[in-house]
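One letter stands for each residue in the lines below.
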Amino acid sequence: RRAPGRPRLSPVRLSSTGAAAQRAPGREEADSKVSSWKKTFPEVQAERLEQAQRTVLINCPAKISEKKFLKYLSHHGKINSHYFYESYGTYAVVEFSEKDSIASLQDITRTPGIEEECAVPFKSRLFTLTLKNSSIQAADQAPVHCHKQSTILVNDLVQKLCSADSVSSQLYTLMDEYQLTEENTKLRFLACSLIQEIACAYFPECTVKPFGSSVNTFGKLGCDLDMFLDLDEIERSPTRTKTGPFYMEYQMKRVPSQRIASQRILSVIGDCIDNFGPGCVGVQKILNARCPLVRFSHQPTGFQCDLTTNNRVAMRSSELLYIYGSLDSRVRALVFSVRCWARAHGITSTIPGPWITNFSLTMMALFFLQKRTPPIIPTLDQLKDLADAEDKHIVEGHDCTFASNVNKIKPTENTETLDVLLSDFFEYFGNFAFNKNSINIRKGKEQNKPEPSPLYIQNPFEQALNISKNVNQSQLDRFVALARECAWILQQEDKGHSSLSNSQPWGLAALLLPSVASNCVKGKKKRKGPASERIKSLLDSLKINNANSLVNNGGK
Ligand code: CTP
Ligand code: MG
């Protein structure tokens with residue numbers, strides 16, 4: 001089981017043609033099957049957004065004849081693809097080949113005849129299909145095949161990992177289980193496109209795009225859906241005509257700042273989503289956050305959504321992560337495992353608080369990979385040096401320039417296995433001088449901390465910001481203690497000194513077990529302090545949250 005891994009194919013599942021990650025040791029057979037040309041982030045986004053515009057979402061009975069269903073819909077035009085999934089009922093995602101098919105389908109669609117309630121007459125691309133003679137039609141029908149939209153349970157994952165043949169292939173197995181599927185990625189773009197339809201009532205030229213882990217290649221099934229309401233197309237002015245004696249300008253409402261404009265826009269769009277958005281529930285306007293947002297749950301797709309606007313820097317950081325994730329297959333494999341490990345031990349949490357976030361962990365992993373000899377990925381400054389004129393991006397005074405074409409970036413010469421990288425990751429951060437140094441992926445070098453936050457990870461674009469300002473000392477200490485313990489376990493196994501018998505979880509599987517956490521305190525105070533201490537930590541986290549107005553959403 002310690003043999004070098006021969007992992008399975010794990011292409012980056014963001015472009016619809018399946019662009020793959022760069023060659024890594026043991027991936028020869030995988031690489032021969034996929035195209036080496038990788039699409040740029042804007043190309044993938046444009047393609048997916050256009051595809052979503054031609055797609056409808058239909059709530060249908062679980063027992064339905066797929067053949068009759070497709071025949072019925074194909075009266076409206078050619079269907080490119082379809083699939084079923086479950087979320088508060090059975091849903092079908094149907095992608096037509098032409099946008100016109102949707103208008104044709106809408107023409108024959110009735111508004112609901114509800115007896116005791118009243119329907120808000122907003123027509124969207126979200127439909128309900130019912131059977132005319134349900135008892136007869138559904139009688140002999142088997143339920144349709146539904147695509148999974150969530151990850152397997154950790155216990156099942158641990159079992160799977162145990163049958164891998166190396167730590168390296170364990171990491172790839174975890175990534176294969178956790179990464180977004182093609183279907184789930186399509187559904188995320190569709191959810192954005194449905195919200196865009198609502199926002200278009202006010203701003204006909206707007207687009208709603210996903211950002212963050214839904215598109216940066218590090219998304220896990222079940223992760224939240226970060227949405228960006230893009231109004232830039234509206235604001236883009238045509239070049240001034242040189243002919244004629246006049247200029248024409250729109251009269252527009254003026255407000256004191258961009259922040260106030262964003263708050264007002266999100267406030268009305270939030271109301272629209274709340275009042276007219278089919279399937280949108282639990283709408284919360286969090287307009288006082290550093291980056292104002294509207295949070296809601298989109299029930300038909302099952303996504304927890306965070307809608308922001310005027311957040312171009314976060315879009316650039318999503319693109320940067322996409323580039324890093326597409327450069328070398330080891331990058332995503334390491335990040336997925338570290339994120340999964342952190343979640344298993346409560347280092348990260350779904351609740352905002354003084355915890356390390358997935359975004360911070362990703363930055364730490366990227367920094368670690370920049371520090372290898374030779375480096376596995378370039379620094380942001382090196383990516384900036386490779387940039388073309390069209391890659392130049394200055395957003396609100398912040399330099400967000402970097403090469404966007406992955407194909408132009410020379411692959412690394414580094415051939416280290418993930419067995420080595422995982423173990424060294426834990427050793428590196430188990431011994432990192434967090435008290436004096438900050439992490440900086442722009443330079444790929446640790447630097448003196450400019451202020452005394454326990455964990456300082458410089459925002460790569462808004463360089464005066466610390467993306468982990470919310471993390472307190474005790475959370476950082478837990479991370480360090482666990483990292484040391486994990487480095488130790490992996491090193492013992494490597495020396496053949498493992499205390500674990502063959503039937504017990506080993507490698508990455510052993511690191512995901514709760515027993516690691518309880519062993520790791522080594523004479524210091526226990527992981528779970530007395531209840532009073534835990535309550536105090538929770539209260540502190542709430543205070544921090546209020547003070548920083550949801551620092552966790554800081555860069556959104
Ligand atoms: N972001 C940022 N600075 C922060 C927090 C977030 O720039 N302090 C940006 C990043 O581009 C990040 C995106 O906002 O990817 C979305 O944030 P979040 O949802 O917290 O992180 P994700 O990367 O989407 O990870 P997760 O899977 O945990 O949602
Ligand atoms: Mg997110």
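Just above, that's the structure.
This structure is a prediction, so every number in the text was calculated from the model and none was measured.

**Thoughts on the overall build of the protein chain**
Then step 1. What the protein chain contains, in helices and strands, is 19 helices and 13 strands.
Then step 2. Here the protein chain, with 556 residues, has 52% of them falling under the buried criterion.
Then step 3. Across the protein chain, contacts joining residues at least 24 apart in sequence account for 69% of those joining residues at least 6 apart.
Then step 4. Approximately 27,100 Å² of the protein chain is accessible, and the part contributed by carbon and sulfur atoms is 52%.

**Observations concerning the environment of E66**
Then step 1. Its place among the elements puts E66 in helix α3 (residues 66-73).
Then step 2. Among the residues examined, E66 registers a relative accessible area of 33% and is labelled partly exposed.
Then step 3. The sequence separation of E66 and F84 amounts to 18 residues, and the corresponding C-alpha distance is 9.7 Å.
Then step 4. Each residue touching E66, except ones within four places of it in the same chain, is listed here: H82, F84 and V144.

**As for the nonpolar core**
Then step 1. Membership of the largest hydrophobic core comes to 84 residues, with the highest contact counts inside it found for L334, W341, F426, F429, F434 and F479.
Then step 2. Excluding its chain neighbours within four sequence positions, the residues that come into contact with F426 are W341, A483, R484, C486, A487, L490 and L511.
Then step 3. Membership of the second largest hydrophobic core comes to 33 residues, among which are L57, L187, L194 and L287.

**As for the side chain of K449**
Then step 1. Considering the arrangement of structural elements, one finds K449 in the loop between β13 (447-448) and α16 (473-494).
Then step 2. Nearest to the buried, unbridged K449 among oppositely charged side chains is E451, at 7.4 Å.
Then step 3. Here the side chain of K449 touches P454 through a polar contact of 3.4 Å, landing on its backbone oxygen.

**Details of the coordination of the magnesium ion (ligand 2)**
Then step 1. Bound to the magnesium ion (ligand 2) on the protein side are D224 (OD) and D226 (OD), at distances that span 2.1 to 2.2 Å.
Then step 2. With relative accessibility at 26%, the residue D224 sits in the partly exposed group.
Then step 3. Residue classification places D226 among the buried residues on the basis of a relative accessible area of 5%.

**Observations regarding the sheet that holds strand β9 (residues 303-309)**
Pairing between the strands of a sheet is mediated by backbone hydrogen bonds and can be parallel or antiparallel.
Then step 1. In spatial order, the strands read β5-β6-β9-β8-β7; together these 5 strands make up an open sheet with mixed pairing. The open sheet has two free edges, formed respectively by β5 (207-211) and β7 (280-286), since each of these has just one partner strand. With direction set aside, neighbouring strand axes in the sheet form an average angle of 25°.
Then step 2. Bridge count between strand β8 (residues 293-298) and β9: 6 bridges; the pairing is antiparallel. Pairing of R295 across the sheet is with D306, part of β9.
Then step 3. Packed onto the sheet, helix α11 (residues 312-327) meets β5 and β6 (225-230) and runs at close to 45° relative to β5.

**Comments concerning the pattern of salt bridges**
Then step 1. All chains considered together, the criterion is met by 24 salt bridges.
Then step 2. E462 serves as the salt-bridge partner of R290, at 4.0 Å between the closest nitrogen and oxygen. Here the residue R290 occupies a position in the loop between β7 and β8, and E462 occupies one in the loop between β13 and α16, the gap between them amounting to 172 residues.
Then step 3. Residue E462 is classed as buried on the basis of its relative accessible area, which comes to 13%.
Then step 4. Taken together, the shared-partner salt bridges in this structure form one network comprising E50, R54, E95 and K186.

**Here we look at the pairing of β9**
Look at any regular strand and the pattern is simple: side chains alternate between the two faces of the sheet.
Then step 1. Counting buried positions along β9 yields 6 of 7 residues, so the element is predominantly enclosed.
Then step 2. Sheet topology places β6 next to β9; 5 bridges connect them, and they run parallel. Residue pairing across strands places M227 opposite L307, the latter belonging to β9.

**Brief notes about the packing of helix α2 (residues 41-53) against helix α8 (residues 182-199)**
Then step 1. Axis separation between α2 and α8 bottoms out at 8 Å; the angle between their running directions is 70°. Between α2 and α8, the angle is such that the two are roughly perpendicular. Every pair of crossing elements has a handedness; the one defined by α2 and α8 is right-handed. Residues Q45, R48, L49, Q51, A52 and Q53 of α2 lie in contact with α8, whose contacting residues are E182, T185, K186, F189, L190, S193 and Q196.

**Description of the packing of aromatic side chains**
Then step 1. All told, the structure shown has 20 aromatic pairs when counted by the stated rule.
Then step 2. With 6.3 Å between their ring centres and 40° between their planes, Y202 and F203 make a pair best called tilted.
Then step 3. Relative to F434, the ring of F429 has its centre 6.2 Å away and its plane inclined at 20°; by these criteria the two rings are stacked. This pair shows no difference in class: F429 is buried, exactly as F434 is.
Then step 4. Joined through ring pairs, the aromatic side chains of W341, F367, F368, F425, F426, Y428, F429, F432, F434 and F479 make up one cluster.

**A closer look at empty space enclosed by the protein**
Then step 1. Tallied over the entire structure, the rule returns 4 cavities of 30 Å³ or more.
Then step 2. The wall of the largest cavity is formed by R48, Q51, A52, T55, S81, Y83, V93, E95, K186, F189 and L190.
Then step 3. When residues of the lining of the largest cavity are traced back to their parent elements, those giving at least two are α2, β2 (79-86), β3 (90-96) and α8.
Then step 4. In terms of residue class, the lining of the largest cavity is built from 5 nonpolar, 3 polar and 3 charged.

**Brief notes about the side chain of N466**
Then step 1. The residue N466 is located in the loop between β13 and α16 in this model.
Then step 2. Only 2.9 Å separates the side chain of N466 from the backbone nitrogen of I457, close enough to count as a polar contact.
Then step 3. Engagement of the side chain of N466 in a polar contact is seen with the backbone nitrogen of S468, the distance being 2.9 Å.
Then step 4. Look past the residues within four positions of N466 in its chain and what remains in contact with it is E451, S453, L455, Y456 and I457.

**Details of the site of ligand 1**
Then step 1. As a structural note, the neighbourhood of ligand 1 is formed by 17 residues, with S213, D224, D226, S317 and N358 the closest of them.
Then step 2. At a separation of 2.8 Å, an oxygen atom of ligand 1 approaches a polar side-chain atom of S213.
Then step 3. At 3.0 Å, a side-chain N or O of D226 approaches an oxygen atom of ligand 1.
Then step 4. Against a free-state accessible area of 560 Å², the protein chains account for coverage of 89% of ligand 1.
Then step 5. Listed by contribution, the elements that provide at least two residues to the shell around ligand 1 are α11 and α13 (358-370).
Then step 6. Taken together, the residues that form the shell around ligand 1 break down as 5 nonpolar, 8 polar and 4 charged.

Analysis parameters
- Residues numbered from 1 in each chain as written.
- Chains lettered and ligands numbered in written order.
- Predicted model: local features only at pLDDT ≥ 70, side-chain atom pairs only at ≥ 80, totals over all residues.
- Heavy atoms only, no water.
- Helix = DSSP H or I, 4+ residues; strand = E, 2+ residues; numbered from the N terminus.
- Buried < 20%, exposed > 50% of the residue type's maximum accessible area, 1.4 Å probe, protein only.
- Contact = heavy atoms within 4.5 Å.
- Areas by Shrake-Rupley, 256 points an atom, 1.4 Å probe, with all protein chains shown as cover.
- Core = buried A, V, L, I, M, F, W, Y, C linked by side-chain atoms within 4.5 Å.
- Lys, Arg positive; Asp, Glu negative; His and termini not counted.
- Salt bridge = Lys/Arg side-chain N within 4 Å of Asp/Glu carboxyl O.
- Polar contact = N/O pair within 3.5 Å; in protein donor to acceptor, adjacent residues only side chain to side chain.
- Donors = N, O, S within 2.8 Å, 3.2 Å for Na, K, Ca; no water.
- Pairing = 2+ DSSP bridges.
- Axes fitted to C-alpha atoms, helices over the stretch in contact; angles between N-to-C directions.
- Parallel < 35°, antiparallel > 145°, perpendicular 65-115°, else oblique.
- Left-handed = near helix turned anticlockwise from the far one by under 90°.
- Phe/Tyr/Trp six-rings, centres within 6.5 Å; stacked < 30°, edge-to-face > 60°.
- 1 Å grid on protein atoms, 1.4 Å probe; cavity = no way out; pocket = protein on both sides within 12 Å on 5 of 7 lines; lining within 4 Å.
- Points joined across faces, edges and corners; volume = space filled by probe spheres on them.
- Nonpolar A, V, L, I, M, F, W, Y, C, P; charged D, E, K, R; others polar.
- Near = heavy atom within 4 Å.

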